[in-house]
Amino acid sequence: MTNPQVPQRRASLTGIICIGFALALMVAHAAGAAEQYAKINAIVLTVTHRPGPQGTWTKSRLGTQLPAGSRGRTGRRSRCEIKFPDGSTVRMGPRSDLVIESVTDKNLNLEKGRLFAHIISGTVARITGAAATAAIKGTWVEYIRQEPEGRRPDTLRAWEGSAELFNDLGSTVVSGGTESSTAPGEAPGDKHCTPPRMFSGGSRYPWWMDVKPGANIASTPGTPVGQQQQSEYVTTLSVVAAPPLAAKGELDVIVQQTGGRRPTHSGGSSVLHLVQAIGGMTAVTSQGPRALGCRYFGPYSQVDSYGLFGEAAGFGGARLRLAGLVKDTYGQVGVLGSTDFDGDIDVELDETFVMRRSETDELILGRQRLLLGPVNNNELGRLTGFGLVDGARWHHRFNDLTEADVVWIDDFAPWDESQASGWYARVQRGVAGGQVAISWLDQTGAGSGVTCDFSWPAIPGELDVYGEFGDDPHGAHLDTVGVYLPGLYQRSGLDIFLERARRSGYPSTTTLLAYQDFTDDFTGVVLARKTAGEDIEFALGAIKRFGPSGD
């Protein structure tokens, strides 16, 4: 006689096994989801993080995993990129502080600074700032948190796709090509047009462009970070770079190996207006973005003024820049006024150009500076000098480590009475946290010269060594070796460059050049220079900036 309960028991046992197996899969899936990590995908200079809510603060490395609750911070001029499991990326700006509340939902809390995010289509993210929260759906966005003392409200910019900026008082849908701002206690404001992503905020070089996925940029001189630093201090470079520091503004400047002396012109009231900015009597501030049918943005304006006083010389000057955007084309007009405080005022047309940019290429036409290479203090051991050139420059990025420049130079020294033309080409590659490059310069009627330069973090975060060596188009050998202290800058805002430069036919020169950032717009300058056979020269000065050009 067959027992009818046996099959039932077997069926019940089979059901229990299946249910248990399904539960195990669900638990395993839940555990796998809980163990998802974001990771640090790019580093520029100094980045630290705390893994998880209770982790210990440590120096970040490429590939560092960040679970939910992790927090990251960037130092001065520093940046980083964080990549999420779905491929979305977030870039942190200088001196920013970010908490990753959730990895799977990309729920972020921006405690300080700014973010640039690419959220993959079909996914969402949330960024919370001081005054509002941004809910982002598959787009490119930039979120800027309110600065101390209310100098800037929370701002959300979006390109492509859409995002929502909201708080307890209201919300605004920020569609592609627009932005909206809000401050604590206020509802998000009306949206208005924002400049193209490649010129975010109206800036010639948005901060996030220096971040290179998969790369750790640990050295300053010669890298994109070093070029940014030089562009901030360029108002003094034409003075301090010339060997030696001559009296009464008569600088025997080596300009692109052509030699010569800058002409002196009598200045009008407009130049005097610029020079007065040295004493803070005139402040030209940014007028902010103005849009006309979302095609024109500007004008953006900035004055950089400087004064430098040495034992045998005193100089002062100011640089005015006016910039604007028409669709995807950036244009700038610059004027540089200078004086030796002895009655003469020089006025020159400074950087004046138009620029087009894509993801991999950049074309600049007009008067421009070639701030390429690591040499910072002196033109003596540098192939291209610090002067302006008139010409056309094409820049191409092969990948995140390798870039190249090709420049047709119509006039090596537009401020000089002589005129010479030629070609310049450069290839650079990131190596071991630093950079190596080869530059070639051909000057019509003179010949060709080639140099190699490098920048390397000998003690990462504390000591960079750099140099350039080779021959100029006239066959003269040149070389420079230098050191820079990045850790000192991170701790105190003090940039120190110590260089020894030589060129055949000129006395060698050793210089110490220091810049101290007292505020975001005021910098002190110290120069000490020892030319072979001469006494040490000293100079003190300052740079004052009025109004940011762009964002």
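Residues numbered from 1 in each chain as written. Predicted model: local features only at pLDDT ≥ 70, side-chain atom pairs only at ≥ 80, totals over all residues. Heavy atoms only, no water.

S.K.: How should the overall build of the protein chain be read in this particular structure?
M.R.: Assigned secondary structure in the protein chain consists of five helices and 36 strands. Partitioning the intrachain contacts of the protein chain with sequence separation of at least 6 by distance along the chain shows that 49% fall at a separation of at least 24. By element, 57% of the accessible surface of the protein chain is carried by carbon and sulfur atoms, the whole surface being about 23700 Å². (Helix = DSSP H or I, 4+ residues; strand = E, 2+ residues; numbered from the N terminus. Contact = heavy atoms within 4.5 Å. Areas by Shrake-Rupley, 256 points an atom, 1.4 Å probe, with all protein chains shown as cover.)

S.K.: Is there a simple way to think about the sheet that holds strand E11 (residues 124-128) in this case?
M.R.: Strand pairing in a sheet takes place through backbone hydrogen bonds and is either antiparallel or parallel in direction. Across the sheet, which stays open at both edges, the nine strands sit in the order E3-E2-E5-E8-E9-E11-E12-E15-E16 with mixed pairing between neighbours. Where the open sheet ends on each side, the last strands, each with one partner, are strand E3 (58-59) and strand E16 (170-175). The pairing of strand E8 (residues 97-102) with strand E9 (residues 107-112) spans five bridges and is classified as antiparallel. Following the sheet pairing, Ile 100 is matched in E9 by Leu 108. (Pairing = 2+ DSSP bridges.)

S.K.: Would you take a moment to explain the side chain of Ser 439 for this structure?
M.R.: As for its placement among the helices and strands, Ser 439 is situated in strand E29 (residues 434-443). By relative accessible area, Ser 439 is classed as buried at 2%. Side-chain polar atoms of Ser 439 contact the side chain of Tyr 424, separated by 3.2 Å. Side-chain polar atoms of Ser 439 contact the side chain of Arg 426, separated by 2.9 Å. Setting aside residues up to four positions removed in sequence, Ser 439 forms contacts with Leu 383, Tyr 424, Ala 425, Arg 426, Gly 449, Val 450, Thr 451 and Asp 453. (Buried < 20%, exposed > 50% of the residue type's maximum accessible area, 1.4 Å probe, protein only. Polar contact = N/O pair within 3.5 Å; in protein donor to acceptor, adjacent residues only side chain to side chain.)

S.K.: It is not clear to me how the environment of Asp 328 should be interpreted in this structure. Could you clarify?
M.R.: One can find Asp 328 in the loop between strand E21 (314-326) and strand E22 (329-339). Taking the C-alpha atoms as reference points, Asp 328 and Pro 195, 133 residues apart in sequence, are found 8.4 Å from one another. In contact with Asp 328, not counting residues within four places along its chain, are Pro 196, Phe 199, Met 355 and Arg 356.

S.K.: Any chance you could explain a nonpolar patch on the surface here in plain terms?
M.R.: A cluster of nonpolar side chains, namely Val 354, Leu 363, Leu 365, Trp 394, Val 406, Trp 408, Trp 423, Ile 438, Trp 440 and Val 450, defines an oily patch on the protein surface of about 880 Å² accessible area. Put simply, the parts of the chain that give the nonpolar patch at least two residues each are strand E25 (361-369), strand E27 (402-411) and E29. (Patch = residues over 30% accessible without salt bridge, like charges linked within 9 Å, V, L, I, M, F, W, Y side chains within 5 Å. Salt bridge = Lys/Arg side-chain N within 4 Å of Asp/Glu carboxyl O.)

S.K.: Where do I start with the pattern of salt bridges in this structure?
M.R.: Should their charged atoms come close, side chains of opposite charge can pair. Counted by the stated rule, this structure contains 28 salt bridges. The shortest N-O distance in the salt bridge between Arg 71 and Asp 97 comes to 2.8 Å. Placement of Arg 71 in strand E5 (residues 71-74) and of Asp 97 in strand E8 is noted, with a sequence separation of 26 residues between them. For the pair Arg 71 and Asp 97, one class covers both residues: buried. When the shortest N-O distance is used, the salt bridge between Asp 521 and Lys 544 registers 3.4 Å. Taken together, the residues span a long stretch of sequence, with Asp 521 in the loop between strand E34 (506-519) and strand E35 (522-531) and Lys 544 in strand E36 (residues 536-546) at a distance of 23 residues. On the basis of relative accessibility, which here comes to 23%, the residue Lys 544 falls in the partly exposed class.

S.K.: Where do I start with the pairing of strand E14 (residues 154-159) in this structure?
M.R.: In summary, the side chains of a regular strand alternate between the two faces of the sheet. Along E14, six of the six residues are buried, which leaves the element largely enclosed by surrounding structure. By the bridge criterion, five bridges tie strand E13 (residues 140-144) to E14 in an arrangement that is antiparallel. Across the sheet, the residue bridging to Ile 144 is Thr 155, located in E14.

S.K.: Would you take a moment to explain the nonpolar core for this structure?
M.R.: Formed by 30 residues in total, the largest nonpolar core has its most connected members in Ile 82, Phe 84, Ile 100, Leu 108, Leu 115, Tyr 143 and Leu 156. The biggest single contributor to this core is strand E1 (residues 38-44), with three residues. Apart from residues no more than four positions distant in its own chain, Leu 108 is found in contact with Phe 84, Val 90, Leu 98, Val 99, Ile 100, Leu 115, Arg 126, Ile 127 and Thr 128. Listed in part, the 16 residues of the second largest apolar core include Phe 116, Trp 207, Tyr 300 and Tyr 330. (Core = buried A, V, L, I, M, F, W, Y, C linked by side-chain atoms within 4.5 Å.)

S.K.: Just checking my understanding: could you explain the environment of Ala 117 for this structure?
M.R.: When you line up the elements, Ala 117 lands in strand E10 (residues 114-118). The sequence separation of Ala 117 and Val 90 amounts to 27 residues, and the corresponding C-alpha distance is 4.2 Å. The contact partners of Ala 117, leaving out residues within four places of it in the chain, are Thr 89, Val 90, Thr 139, Trp 140 and Val 141.

S.K.: Just to check I follow, could you spell out the environment of Ala 446 for this structure?
M.R.: Assignment of secondary structure puts Ala 446 in the loop between E29 and strand E30 (447-459). Judged by its relative accessible area of 32%, Ala 446 falls in the partly exposed class. The spatial distance from the C-alpha of Ala 446 to the C-alpha of Ala 420 is 9.5 Å, given a sequence separation of 26 residues. Ignoring sequence-local partners within four residues, the contact set of Ala 446 consists of Pro 473 and His 474.

S.K.: Help me understand the packing of aromatic side chains, please; the structure alone is not making it clear to me.
M.R.: Aromatic ring pairs: the centre-centre distance and the angle between the two ring planes describe each pair. By the definition in use, this model includes nine aromatic pairs. Aromatic side chains Tyr 484 and Phe 497 sit 4.6 Å apart centroid to centroid with 25° between the ring planes, which places their arrangement in the stacked category. Of this pair, Tyr 484 sits in strand E32 (residues 477-484) while Phe 497 sits in strand E33 (residues 494-503); the two residues are 13 residues apart in sequence, bridging distant segments of the chain. Taken individually, Tyr 484 and Phe 497 each receive the classification buried, so the pair is uniform in this respect. One aromatic cluster is present, formed by Phe 116, Trp 140, Trp 159 and Trp 208 through successive ring pairs. Lying over the aromatic face of Trp 140, Arg 197 brings its terminal NZ or CZ to 4.1 Å of the ring centre. (Phe/Tyr/Trp six-rings, centres within 6.5 Å; stacked < 30°, edge-to-face > 60°. Lys NZ or Arg CZ within 6 Å of the ring centre and 35° of its normal.)

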